[in-house]
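# Breakdown of the fold
Residue strings, one per chain:
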Number of protein chains: 2
Amino acid sequence: MGDQQKLDNEFAFIRDVSSLFRNYRAGQTLVPVGDDAAVYSPGKGMGQVVTVDTMVEGVHFKRETMSCWQIGYKALAANLSDIAAMGGKPAYFIISIAIPQDWTYTELLDIYKGMQALADRFKVDLLGGDTVSTPDHLVITITAIGEVEEEVRLLRSQAQAGHVVFVTGPLGHAAAGLDLLLHGYTADREQKVWQLLLDAHQQPLPHVDQGRILARFAKAHTISLNDVSDGLASEANEIAAASGVDVVIRKEQLPVSDVLLSYARQRGVDPYTWVLGGGEDFVLVGTAQAEVVGRIRQAFRDQGFAFYPIGYTSEGTGRVWLETDKTKKCLAPAGYNHFRQKRD
Amino acid sequence: MGDQQKLDNEFAFIRDVSSLFRNYRAGQTLVPVGDDAAVYSPGKGMGQVVTVDTMVEGVHFKRETMSCWQIGYKALAANLSDIAAMGGKPAYFIISIAIPQDWTYTELLDIYKGMQALADRFKVDLLGGDTVSTPDHLVITITAIGEVEEEVRLLRSQAQAGHVVFVTGPLGHAAAGLDLLLHGYTADREQKVWQLLLDAHQQPLPHVDQGRILARFAKAHTISLNDVSDGLASEANEIAAASGVDVVIRKEQLPVSDVLLSYARQRGVDPYTWVLGGGEDFVLVGTAQAEVVGRIRQAFRDQGFAFYPIGYTSEGTGRVWLETDKTKKCLAPAGYNHFRQKRD
């Protein structure tokens, strides 16, 4: 279809979209897309992990800072990250999309191609969707289903005093990448100096494989886990509050990359604004019993994954502290409240 | 909260919403709402039936013709109807809602109360949700999950020549109800004469129990099945095309209620416009081997459900015919194409 062509036939569009996705789970997908509902056969002894995530044009993404491909990629990535945070193996996803008139056929198909890349990477099957029109802004909702061994619990409420706090990747990159896009450092972008930051914002890789390592250890050990969708401060506060312990983050142990430091210096910004408050890094943050951390770290290293101990937990009232050798200050959650920010 | 109060705290709202829903499946719901994702344990030997449905303000519903309670009720009903059409038992649902500024706290909570009524009726558990802001129109997406015995197939592609065509309830009521609302027959509405039509549009009961009866027979017999979301003509065409047989509908066998006839007469409308073309009746339409139809009918009667044979299938090329003793004319699909209607 031509580049500027509008979507005028829902059925042809759905056919073109469906042809993008491979059926990786033929043995389990009993009735694929195309009937009133899809039917799949769950794995023996596997709990079904279910999550939903919605992205609204103008609220969660702007066409100025994200390509169509990236919009689709990221919508699915956010869901797979939630499944990773439960230790699950992604298996299926379902798309709902509400489309306004100003999106072309090619743009819309590119959204699905972005999802396809991630579906191929993690071998998840598209189980269905709903394609509807809307008067205004594009809304994408993805529901993802994964599978996890029924005995595995990687909950945010499982932190205990004496745990080691860890993260599975660098922090603040996604927020710095968004800042970069909004402030248009195009010359530097062409030099690929900041590509790491842009990638973190535009096409983060969910830490599914890392979550699976943690699931293995969770069979015998108590591990708490969240994904860093709303920033480290918020996620750590969720763990602390749900578990009723204090989380102490050692500032000098936080993984702050040279690229981030260099970009923050250029922008005159305190890098810890992004490291602690920036959302959408989609790494995992959790706590584990001290005696198992060495083995977890080794397992991560064996597969080539980063693993950073960043602090400890202690008896407390569910608060988060940022500690240096000299200071200790309370770290409030800094998450995004969709409604307060818009209406105050 | 006050009646006109805006939603200004996403977290308090989510807490209030969550408290509406009971946990009917405690034995199977391993991790309820509240972590990165929910986890449930599937029933042994049960396929997982998955479907999604999106309703957009101004496209799928108008606040002038639906109360907030009814909007929520119907959003879930449409999903449960899809599960019914696969013979499934509804088990879980997940809500995503994108909220514009002009909806009050009370209105939004009423949407969830509408869902609650249906969740209680069919004992389904809320497994999660995403609550986000949007600049414009309300968008509700529900993903529902049901369970069906893995050997059961109630597909639209399973009609065979020599089957009896059936529906599980009256047709055209929802379309007549919408017509009534749009033409403001308020005096008559107060007399409750037309309540049946209004209910069919505003709060249809999905034919879950009827689907379960058909699932029982589907273990030994070939049955095709759809729910009538897009009107009988469209659904019958889907079955005919997917199965490669012709579907012949006997006009005089169609269940046309006295209420519908009376309202159509008053409006000067051919009632078959609604009976054949009107969507959202959410009854089931299917085909079954002639030798089993008597037993299915008896099983429906035993549980107090309607069951109407309305025609037969024959060798053909996947077309649908409307037949009287004297005439036979081809019946084209008359479904709603979201994009063609808006853009042509």
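Predicted model only: the values in this text are computed from it and were never measured. (Residues numbered from 1 in each chain as written. Chains lettered and ligands numbered in written order. Predicted model: local features only at pLDDT ≥ 70, side-chain atom pairs only at ≥ 80, totals over all residues. Heavy atoms only, no water.)

### Notes on the side chain of Gln158(B)
Residues and elements named next belong to chain B. With respect to the helices, strands and loops of the structure, Gln158 is situated in the loop between strand S6 (139-149) and strand S7 (163-167). Within polar-contact distance, the side chain of Gln158 engages the backbone nitrogen of Leu155 at 2.9 Å. The contact partners of Gln158, leaving out residues within four places of it in the chain, are Arg153, His163, Thr222, Ile223, Ser224 and Ser243. (Helix = DSSP H or I, 4+ residues; strand = E, 2+ residues; numbered from the N terminus. Polar contact = N/O pair within 3.5 Å; in protein donor to acceptor, adjacent residues only side chain to side chain. Contact = heavy atoms within 4.5 Å.)

### Thoughts on unusual backbone geometry
A positive phi is found at Lys123(A), a non-glycine position, where the angle reads about 55°. Structurally, Lys123(A) can be placed in the loop between helix H3 (105-122) and strand S5 (125-133). Even without being a glycine, Glu280(B) presents a positive backbone phi close to 65°. Here Glu280(B) shows up in the loop between helix H10 (271-277) and strand S10 (284-289).

### Some words on the relation of the copies chain B and chain A
Overlay of chain B on chain A (RMSD 0.0 Å): rotation 180°, translation along the axis 0.0 Å. Such a combination of turn and shift is consistent with a two-fold rotation axis. With an isologous cut-off of 70% or more, the 100% of interface residues of chain B that recur at the interface of chain A puts this contact in the isologous class. (Least-squares fit on C-alpha atoms with pLDDT ≥ 70 in both.)

### Side note on the pairing of strand S3 (residues 46-56) of chain B
The element S3(B) is extensively covered by neighbouring structure, given that 11 of its 11 residues are classed as buried. One ladder, built from three bridges, connects strand S2 (residues 38-40) of chain A with S3(B); its direction is antiparallel. Paired with Val39(A) across the bridge in S3(B) is Val49(B). Pairing between S3(B) and S6(B): 11 bridges, direction antiparallel. By the bridge assignment for S6(B), Gly47(B) is matched with Val148(B). (Buried < 20%, exposed > 50% of the residue type's maximum accessible area, 1.4 Å probe, protein only. Pairing = 2+ DSSP bridges.)

### What about the packing of helix H2 (residues 68-84) of chain B against helix H3 (residues 105-122) of chain B?
Residues and elements named next belong to chain B. Look at H2 against H3: their axes get within 6 Å of each other, and the N-to-C directions meet at 40°. As the angle between them shows, H2 and H3 are arranged oblique. Note on packing geometry: the crossing formed by H2 with H3 is right-handed. Here Cys68, Trp69, Gly72, Tyr73, Leu76, Ala77 and Leu80 of H2 lie close against H3, whose contacting residues are Glu107, Asp110, Ile111, Lys113, Gly114, Met115, Ala117, Leu118, Ala119 and Phe122. For the contact of H2 with H3, a count of residues per class yields 12 nonpolar, two polar and three charged. (Axes fitted to C-alpha atoms, helices over the stretch in contact; angles between N-to-C directions. Parallel < 35°, antiparallel > 145°, perpendicular 65-115°, else oblique. Left-handed = near helix turned anticlockwise from the far one by under 90°. Nonpolar A, V, L, I, M, F, W, Y, C, P; charged D, E, K, R; others polar.)

### Digging into the environment of Leu180(A)
All names here are of chain A. Within the secondary structure layout, Leu180 lies in helix H4 (residues 173-183). Overall, Leu180 belongs to the buried group, its relative accessible area being 0%. Distance from Leu180 to Trp194, taken between C-alpha atoms, is 8.4 Å for residues 14 residues apart in sequence.

### Let's talk about the domain arrangement of chain A
Residue and element names in this part refer to chain A. Domain annotation of chain A identifies domain 1 (10-149) and domain 2 (156-333). Between domain 1 and domain 2, the C-alpha centre-to-centre distance is 26 Å. Listed as interface residues are 23 residues of domain 1 and, on the opposing side, 21 residues of domain 2. Here domain 1 and domain 2 share three salt bridges between them. (Domains from an automatic or database assignment. Salt bridge = Lys/Arg side-chain N within 4 Å of Asp/Glu carboxyl O.)

### Remarks on the sheet that holds S7(B)
All names here are of chain B. Taken together, seven strands build an open sheet; the order of strands is S8-S10-S7-S11-S9-S12-S13 and the sheet is mixed. Both edges of this open sheet fall to strand S8 (223-227) and strand S13 (328-330), since each of them pairs with a single strand only. Here the average twist between neighbouring strands, direction ignored, is 25°. Each of S7, S8 and S10 touches helix H7 (residues 208-218); the most contacted strand, S8, lies at about 160° to it.

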